[in-house]
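Inside the fold
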Amino acid sequence: MSSDTDRTISNRSKYESMDLSGSVYLVSGDGKIISLPMPSRSPRDPLNWGRNRRVLAFLPVLWYQIVCLVLVQATSSLFIGVQQKFSSEDMKPFGPGSMVSATSLFQRFGSFLWAPLSLAVGRRPAFVLATFVLTASTLWAALSNDFYQYLAALCLGAVAQGFALSASLLLIIDLAFIHERPQAVALNWALTPAAAYAIFSLAPEMSSDGTNYKRFYQIWVVPCFISIALALFFFPETYFIRPAQSYDGRILAQSATEKTEFYESWEAFPGGKHLPDAPDHPDHPELQRWWFMRYQYRLFVTTRAGWRGMFACYPQVILCLINPLILWVAVLQAIMLCSYISIGETIVVTLVSEPYNLTPTFVARGSAAIVPASLLTWPLCSYVLSLATKKLAMRNGGIREAEYYLPAFIIPVLAAVLSNILYGLAVQHIWDYAIIVIALALNAFAFYAIAIVATIWVTEAFPRWAAPAIVVVFGVSYITSIGMSYIVLAWIRSQGIQAMQMELALVIFVVGCIGGPFAFFGKGVRQRINGRWAASEAGALRPQACGQ
């Protein structure tokens, strides 16, 4: 690493683009990937942990997301039990359909809460709180005796589930170097739905074929309690402000844009030696195991950014909404979610009706086709993201531009277009049900692939705005999709299933193509995007104390 450092310093003028947010010197002259950001010597730095320990910290997050996704899918599958338990008079002014729409809305509210909150109190306290809220809401649903209590429990649980759509992604990125993030994010979005849908295929047994909604929640409260235990005992704090430190006779400082700069002395470093060096002496408190355990597993903390960092995140959300490079991704994500909903809302009715006449249990088993489809996103998306980035960076003198991730959007866009066309033709012309299931699996692949690519793109293009960007992509886009979901059935009645799916495929293709020019002009657009909060590091992936 020392030779790489010297090479970087001696060629500083060559790599002026490194000062641009979203551009990093990632590949050395001999083609080796540089592990950035450079970890400090502090044992509290998650990048200073071994791979096994980082994987162990990831497992509680993965388990929590699986638990949440099963609860999300169960809401719609328990319609029969809710209708049998409560009359229309008992549900006034709501209805069974309000369960899905209300939970979807409150999930998005949750995504607006948890990511900014993790900036104020840290990742671990926010995560533990989310597990307690989720468990309490599931227990409430299991004990509810009237529809209003049940609906309130679902809404409370949906707020907790919003953590899985926002802050959990920050936790995962905290544990990975830049070159590891495509694999880490892809692994997360692949394993979560694969495990959740494999478990969900057993939902008929857990709910007596959907007729006993309370029994399902009574069973599923156990995994919720397990998530509390995992968060409390196996997930340490990952939010770490990486200080300037002595390195190879120079002073190494890393900004919130994940750039590395070297200064000849502490006097040359902006602000002087205002932070202590990383611990070197064996008696230093940070190197004592008891001190480390007490610090990493505490629950009541305030980060250096504090509540100011949380509230500074919301103006950045507004800026992200008017940022064309982020807004485009949010719109594309919303439309592809509408595509996913359009198939999900019609496939059950289609397969249980004439001429297929399949049983609801058999249809539930068919959802297991999503398992291999979601697993496929991991090797395919991570390979394309990693390989394309390295090849293009080597051609650019080792500098990785965020725009190198844009070609990966082709994968989910084409998969979604093909799935909508195939589903529309299969339903309209009464093709074999296996083709309909294949279309569902292909659409699920597209849905989770766009989540992988979108996460990497917005966090790498705007590392200073990582938290608000994730809030926009997975919050605003999902809220928009709720409105779209209401027009799906009306759209089908107006145009027919085949025409509707063809039109939706066309919209996805057109919006997806808008990203093409960004691959060529995105760097210039990034340079021009600015605002009052643009330099704020409160919502950054790895904020620096001097920049807050």
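Here we look at the overall build of the chain
Check the secondary structure of the chain and you find 21 helices and five strands. Classification of the 548 residues of the chain by burial places 58% in the buried group. Accessible surface for the chain amounts to roughly 21,700 Å². Of this, 66% is attributable to carbon and sulfur atoms.

Here's the deal with the pattern of salt bridges
Following the criterion strictly, the structure yields six salt bridges and no others. Ionic pairing is found between R181 and E460, a salt bridge with its closest N-O pair at 2.7 Å. A residue pair is termed long-range when its members are at least 10 positions apart, and R181 in helix α9 (residues 181-200) and E460 in helix α18 (residues 433-461) qualify at 279 residues. The exposure classification of R181 matches that of E460, with both residues buried. Note that R400 is salt-bridged to E460, the shortest N-O span being 2.8 Å. Residue R400 is located in strand β5 (residues 399-401), and its partner E460 is located in helix α18; the two are separated by 60 residues in the primary sequence.

A few points about helix α16 (residues 370-395)
Relative to the 38 Å expected for 26 residues at 1.5 Å per residue, α16 spans 38 Å between its end C-alpha atoms, a close match to the ideal helical length. Burial in α16 covers these residues: I370, V371, A373, S374, T377, C381, S382, L385, T389 and A393. Of the surrounding elements, those touching the buried residues of α16 are α9, α14 (324-352), β5 and α18. Looking at the residues trailing α16, positive phi occurs at G397, about 70°.

Examining unusual backbone geometry
With an omega dihedral of 0°, the bond running from K92 to P93 counts as a cis peptide bond. Turning to its location among the elements, P93 is positioned in the loop between α4 (88-91) and α5 (97-121). The residue I430 is not glycine, and still its phi comes out positive at about 55°. Tracing the backbone through its elements, the reader meets I430 in the loop between α17 (410-428) and α18.

Focus on the environment of A467
Residue position: A467 is located in helix α19 (residues 466-495). For A467, a relative accessible area of 0% gives the class buried.

Some points on the environment of Y423
Looking at where Y423 falls in the secondary structure, it is placed in helix α17. Among the residues examined, Y423 registers a relative accessible area of 0% and is labelled buried. Considering only alpha carbons, one finds Y423 and I497, 74 residues apart in sequence, at a separation of 8.8 Å. If we ignore the near neighbours within four places in the chain, the residues touching Y423 are I343, T346, I347, T350, I436, A439, I497 and Q501. Looking at Y423, its side chain comes within polar contact range of the side chain of T346, at 2.7 Å.

Things to note about helix α11 (residues 213-234)
Helix length check: α11 (22 residues) gives 31 Å between terminal C-alpha atoms against 32 Å at 1.5 Å per residue, within 8%. Largest kink in α11: about 25°, centred on W220, with the proline P223 one to four residues after it. Among all positions in α11, only Y213, K214, F216, Y217, W220, V221, P223, C224, S227, I228 and A231 are buried. Against the buried residues of α11 lie α2 (51-77), α3 (79-85), α6 (123-143), α7 (147-161), α9 and α10 (203-206).

Topic: the packing of α6 against α7
When two helices pack together, their arrangement is given by the angle between their axes and by how far apart the axes lie. Across the interface, α6 lies against α7 with an axial gap of 8 Å and an inter-helix angle of 160°. Considering their axes alone, α6 and α7 lie roughly antiparallel with respect to each other. The chirality of how α6 crosses α7 is left-handed. Facing A130, V133, L134, S137, W140 and A141 of α6, the residues of α7 in contact are Q149, Y150, A152, A153, L156, G157, A160 and Q161. Here the contact of α6 with α7 is built from residues that sort into ten nonpolar, four polar and no charged.

Considering the confidence of the model for the chain
In low-pLDDT regions, the fine details of the predicted coordinates are not to be read closely. The share of residues in the chain with pLDDT of 70 or more is 77%, and the mean pLDDT across the chain is 80. Predicted confidence is poor over residues 1-19, with pLDDT under 50, and the contacts of this stretch with residues over four places away or in other chains come to 32 contacts.

Remarks on the packing of aromatic side chains
A full pass over the atoms with the stated rule returns 19 aromatic pairs. Ring centres of F106 and F109 lie 5.6 Å apart, and the angle between their planes is 80°; this geometry places the pair in the edge-to-face category. Residue F106 and its partner F109 are located together in helix α5, separated by three residues, close to a single helical turn. F106 sits in the partly exposed class, given a relative accessible area of 28%. Between Y340 and F447 the ring centres are 4.7 Å apart and the planes differ by 0°, which places this aromatic pair in the stacked class. Of this pair, Y340 sits in helix α14 while F447 is found in helix α18, placing the two residues 107 residues apart along the sequence. Summarising the burial analysis for this pair, Y340 and F447 share the class buried.

How each quantity is defined
- Residues numbered from 1 in each chain as written.
- Predicted model: local features only at pLDDT ≥ 70, side-chain atom pairs only at ≥ 80, totals over all residues.
- Heavy atoms only, no water.
- Helix = DSSP H or I, 4+ residues; strand = E, 2+ residues; numbered from the N terminus.
- Buried < 20%, exposed > 50% of the residue type's maximum accessible area, 1.4 Å probe, protein only.
- Areas by Shrake-Rupley, 256 points an atom, 1.4 Å probe, with all protein chains shown as cover.
- Salt bridge = Lys/Arg side-chain N within 4 Å of Asp/Glu carboxyl O.
- Expected span 1.5 Å × (residues − 1).
- Contact = heavy atoms within 4.5 Å.
- Polar contact = N/O pair within 3.5 Å; in protein donor to acceptor, adjacent residues only side chain to side chain.
- Bend = angle between axes of the 7 residues up to and from the residue.
- Axes fitted to C-alpha atoms, helices over the stretch in contact; angles between N-to-C directions.
- Parallel < 35°, antiparallel > 145°, perpendicular 65-115°, else oblique.
- Left-handed = near helix turned anticlockwise from the far one by under 90°.
- Nonpolar A, V, L, I, M, F, W, Y, C, P; charged D, E, K, R; others polar.
- pLDDT = per-residue confidence, 0-100.
- Phe/Tyr/Trp six-rings, centres within 6.5 Å; stacked < 30°, edge-to-face > 60°.

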